[in-house]
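Reading the structure
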Amino acid sequence: MAQVLVHHGLFPITLSQPRMAVSVELLTSYYTLFEQSCDVVNTLASTLHTYYVHRGYQMVNKNISGYIWSIFSSSNN
């Protein structure tokens, strides 16, 4: 049954009892959308990094920012 669905452009939800199926074209569109959204997130992160570096901010990773936070929080005690 699953092979018949795939032959007709449908992907079964379950292989054991394929009562529902999703269009392969829909899955392809979703995959393309997912790829593009990742590109957008990476582009935004790169743009923000460049924006802040040009304005004199020093970009740090998670470990260093945690260290800096501990310095500020200990000075307030």
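Computed from a prediction, not measured in an experiment: that's the story for all the values here.

Quick look at the overall build of the protein chain now. Along the backbone of the protein chain there are three helices and two strands. Taken across its 77 residues, the protein chain has 5% of its residues classed as buried. Entry remark: accessible area of the protein chain is about 7100 Å², with carbon and sulfur atoms responsible for 63%.

This next bit is on a nonpolar patch on the surface. A cluster of nonpolar side chains, L44, L48, Y51, Y52 and Y57, forms an exposed patch at the surface whose accessible area comes to about 510 Å². Mapped onto the elements, Y57 comes out in the loop between α2 (24–54) and α3 (62–75).

We now examine the packing of aromatic side chains. A complete count under the given rule lists two aromatic pairs for this structure. Ring centres 5.2 Å apart and planes at 80 degrees place the aromatic pair Y51 and Y52 in the edge-to-face group. Among the residues examined, Y52 registers a relative accessible area of 34% and is labelled partly exposed. A centroid spacing of 5.5 Å and a plane angle of 90 degrees characterise the contact between Y52 and Y57, whose relative ring orientation is edge-to-face. Every member of this aromatic cluster is reached through a ring pair, and the members are Y51, Y52 and Y57.

Tracing the sequence through the fold places T14 in the loop between β1 (10–12) and β2 (21–23). C-alpha separation for the pair T14 and A2, spaced twelve residues apart in sequence, amounts to 8.6 Å. Only 2.9 Å separates the side chain of T14 from the backbone oxygen of Q17, close enough to count as a polar contact.

It is worth spelling out the confidence of the model for the protein chain at this point. Per-chain confidence: the protein chain averages 77 in pLDDT, with 75% of residues scoring 70 or above. When mean pLDDT is compared element by element in the protein chain, β2 scores highest at 90, while α3 scores lowest at 54.

A word on the environment of P18. When you line up the elements, P18 lands in the loop between β1 and β2. Taking the relative accessible area as the measure of exposure, P18 reaches 14% and is therefore buried. Along the sequence, P18 and L5 sit 13 residues apart, while their C-alpha atoms lie 8.7 Å from each other. Apart from the residues lying within four places of it in its own chain, the contact partners of P18 are M1, A2, L5 and P12.

Parameters at a glance
Residues numbered from 1 in each chain as written. Predicted model: local features only at pLDDT ≥ 70, side-chain atom pairs only at ≥ 80, totals over all residues. Heavy atoms only, no water. Helix = DSSP H or I, 4+ residues; strand = E, 2+ residues; numbered from the N terminus. Buried < 20%, exposed > 50% of the residue type's maximum accessible area, 1.4 Å probe, protein only. Areas by Shrake-Rupley, 256 points an atom, 1.4 Å probe, with all protein chains shown as cover. Patch = residues over 30% accessible without salt bridge, like charges linked within 9 Å, V, L, I, M, F, W, Y side chains within 5 Å. Salt bridge = Lys/Arg side-chain N within 4 Å of Asp/Glu carboxyl O. Phe/Tyr/Trp six-rings, centres within 6.5 Å; stacked < 30°, edge-to-face > 60°. Polar contact = N/O pair within 3.5 Å; in protein donor to acceptor, adjacent residues only side chain to side chain. pLDDT = per-residue confidence, 0-100. Contact = heavy atoms within 4.5 Å.

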